Amino acid sequence: SAEQVITPGDYQRDLPMDVAVPAINLDGYQLERTSVWGEQGLRIMLDQVVGGSTSARAADGWGGDGYQQWFDGSNAAFLLVYQGDTEADLDELEDALLTFAINSVPEEAFVWVDSKDGQLFFIAASVPEIGEQIRSSVGLG
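Here we summarise the structure given alongside this text. Keep in mind that what you see is a predicted model, and the values were worked out from it rather than measured.

### Brief notes about the nonpolar core
Right, so step 1: Among the nonpolar cores identified, the biggest contains 22 residues, and Leu 42, Leu 46, Leu 93, Leu 97, Leu 120 and Phe 122 are the most heavily contacted of them.
Right, so step 2: No other element matches helix H4 (residues 87–104), which puts six residues into this core.
Right, so step 3: Setting aside its immediate chain neighbours within four residues, Leu 42 contacts Trp 37, Ala 59, Trp 62, Leu 80, Tyr 82 and Leu 93.
Right, so step 4: In terms of nonpolar packing, the next biggest core, distinct from the first, is built from 17 residues, Trp 70, Phe 121, Ala 125 and Leu 140 among them.

### Here's the deal with the environment of Val 138
Right, so step 1: Looking at the element boundaries, Val 138 is found in the segment after helix H5 (128–137).
Right, so step 2: For the pair Val 138 and Ala 23, spaced 115 residues apart in the sequence, the C-alpha separation amounts to 9.2 Å.
Right, so step 3: Contact partners of Val 138, with chain neighbours within four places excluded, come to Pro 22, Ile 24, Leu 79, Lys 116, Phe 121 and Ile 123.

### A look at the pairing of strand S3 (residues 76–84)
Here is the key point about a regular strand: its side chains alternate between the two faces of the sheet.
Right, so step 1: With respect to burial, S3 is a largely interior element, seven of its nine residues being buried.
Right, so step 2: Bridge count for strand S2 (residues 62–71) against S3 is nine bridges, and the pairing is antiparallel. Among the inter-strand pairings, Gln 68 is bridged to a residue of S3, identified as Leu 79.
Right, so step 3: Sheet analysis places S3 next to strand S5 (residues 119–125), joined by six bridges and oriented antiparallel. Paired with Phe 78 across the bridge in S5 is Ala 124.

About the cut-offs
Per-chain numbering applies: the sequence of each chain, read as written, is numbered from 1 onward. In view of the model being predicted, local features appear only for residues whose pLDDT reaches at least 70, and side-chain atom pairs are presented and counted only at 80 or more, with totals across whole chains, interfaces and linings using the full set of residues. By convention in this description, side-chain values take in all heavy atoms of the structure and omit both hydrogens and water. Remark: nonpolar core denotes a set of buried residues (Ala, Val, Leu, Ile, Met, Phe, Trp, Tyr, Cys) joined through side-chain atoms within 4.5 Å. In this scheme, a residue with accessible area under 20% of its type's maximum is buried, one over 50% is exposed, and one in between is partly exposed, where area comes from a 1.4 Å probe on protein chains only. To qualify as a helix, a DSSP run of H or I must reach at least 4 residues; to qualify as a strand, a run of E must reach at least 2; elements of each kind are numbered from the N terminus. In what follows, residue pairs with any heavy atoms lying within 4.5 Å of each other are defined as contacts. Paired strands are those between which DSSP finds at least two bridges.

That is the geometry; function is a separate question.
Here you go:
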């Protein structure tokens, strides 16, 4: 994984975890992409808003993730399910994602950051009702 390239000492010691992303059907939306965001992806995303040292520290505890991205022709929706190496890593990324969400997601859109059962969920959607549907589908209050 990119994590092992960024931190060569992790090679063969800190292997990526498989993270299951629940299958969600959104009426009118097509699932465009399912993949892994990764430590490098988190760093790039967070660097745009929260800054280098904070984003590096938050992404450093990456253990594994999976994401899904939907599109309906004009609106997008996104779900990231993240697993940290430790609970503290999950908390660090949650704080960074909250800062990211507050400072970069338009007020009229939907964004949700929450943890459940040792995993962190980041949801963003152009249409608030779709964001709520994703949130409900993954079992977040």
